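Residue-level structure breakdown
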Amino acid sequence: MIWKGPKQELVHILEAREQRAAFQEKLTELFGQPVVAFKLNIPGPVKTSEPIVEMFQEGVMALQNALMNEGIAITYDKMIYEKSGPEYFAVCANPPESVKALTVKIENEHPLGRLFDFDAIGKNGKAISRQDLGQAERKCLICDQPAFVCGRARAHGLEALQDRIETIYKAYFSKG
């Protein structure tokens, strides 16, 4: 169900990454304020489908609500729906460190948060990392190792990762 959608080649995924970086740079230049970029952590060639968009929209709402609750105004925002996956960009005046702390909280506490990927980019174009805030690295979807270690080593097969994402999806949306 989740994995029924257009399949992307690696070249398209890499092109989308370059376009995302260029758009983030354009926003920081235009507004002179930090930018939050949001997408989902979705392994494999299918990056968009109805369930993926559903999870993405939950992440956008979580971010917008968290910013509003903290009194952080969004100067500009934009959603982009491409075959390479949905993306959301928000420009806000608060320091990128405070915005990153807020997005880390969402990633850690929201039931879909492990699938969320928020970047907070400062006016200088530099992304703030979890480590910059003294936060632990993200854990793997399958085990307790750091996600980048398992990802780099391809420690878990694509099917196992997709099964885990589907379990998270179904649990959140009470489907199946």
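Just above sits the structure.
Notes on the structure in this doc start here. (Residues numbered from 1 in each chain as written. Predicted model: local features only at pLDDT ≥ 70, side-chain atom pairs only at ≥ 80, totals over all residues. Heavy atoms only, no water.)

**Quick look at the side chain of Glu107**
Stated formally: The helix count covers DSSP runs of H or I at least four residues long, the strand count covers runs of E at least two residues long, and both are numbered beginning at the N terminus. Distance and chemistry together define a polar contact, namely a pair of N or O atoms within 3.5 Å, with one atom able to donate a hydrogen and the other to accept it when in protein, and with adjacent residues in sequence counting only for side-chain atoms on both sides. The contact criterion used throughout is that any non-hydrogen atoms of two residues lie within 4.5 Å.
Looking at the secondary structure, you find Glu107 in helix H3 (residues 96-109). A polar contact is formed between the side chain of Glu107 and the backbone nitrogen of Phe118, at a distance of 3.0 Å. In this structure Glu107 touches Gly113, Arg114, Phe116, Asp117, Phe118, Arg130 and Arg138, once residues within four positions along its chain are discounted.

**Topic: helix H1 (residues 10-31)**
Cut-off, in case you're wondering: Each helix should span, by expectation, one fewer than its residue count multiplied by 1.5 Å. The buried label goes to any residue with under 20% of its type's maximum accessible area, the exposed label to any with over 50%, and the partly exposed label to all in between, with areas taken from a 1.4 Å probe on protein chains only. Directions from the helix axis toward the C-beta atoms define the arc.
For H1, with 22 residues, the first-to-last C-alpha span of 32 Å sits near the 32 Å given by 1.5 Å per residue. Turning to H1, its buried residues number three or more, namely Ala16, Arg20, Phe23, Gln24, Leu27 and Thr28. Projected down its long axis, H1 carries its buried residues within an arc of 135 degrees, all on one side. In H1, the exposed positions that point more than 90 degrees away from the buried face belong to Glu18, Gln19 and Glu29.

**Examining the environment of Met1**
Relative to the helices and strands, Met1 resides in the segment before H1. By relative accessible area, Met1 is classed as exposed at 53%. Placed 48 residues apart in sequence, Met1 and Ser49 show a C-alpha to C-alpha distance of 8.4 Å. Discounting chain neighbours no more than four positions away, the residues touching Met1 are Ser49, Pro51 and Tyr169.

**Some remarks on the packing of aromatic side chains**
Operational definition: Two rings from Phe, Tyr or Trp (for Trp, the six-membered ring) form a pair when their centres are within 6.5 Å of each other. A pair whose planes differ by under 30 degrees is stacked, one over 60 is edge-to-face, and the rest are tilted.
Summed over the entire model, instances satisfying the criterion amount to 9 aromatic pairs. Considering the side-chain rings of Phe38 and Phe56, the 5.3 Å spacing of their centres and the 10 degrees angle between planes classify their relative orientation as stacked. Note that Phe38 is positioned in strand E1 (residues 35-40) and Phe56 in helix H2 (residues 50-69), a separation of 18 residues in sequence. A residue is classified by how much of its surface remains accessible, and Phe56, at 0% relative accessible area, is buried. Each ring, one from Phe38 and one from Phe118, has its centre 4.5 Å from the other, and the planes form 25 degrees; the classification is stacked. With Phe38 in strand E1 and Phe118 in strand E4 (residues 116-121), the pair connects residues that are 80 residues apart, well separated along the chain. Both residues of the pair, Phe38 and Phe118, count as buried. An aromatic cluster is defined as three or more aromatic residues linked by ring pairs; in this entry it consists of Phe38, Phe56, Tyr81, Phe116 and Phe118.

Nothing here speaks to function; it is all geometry.
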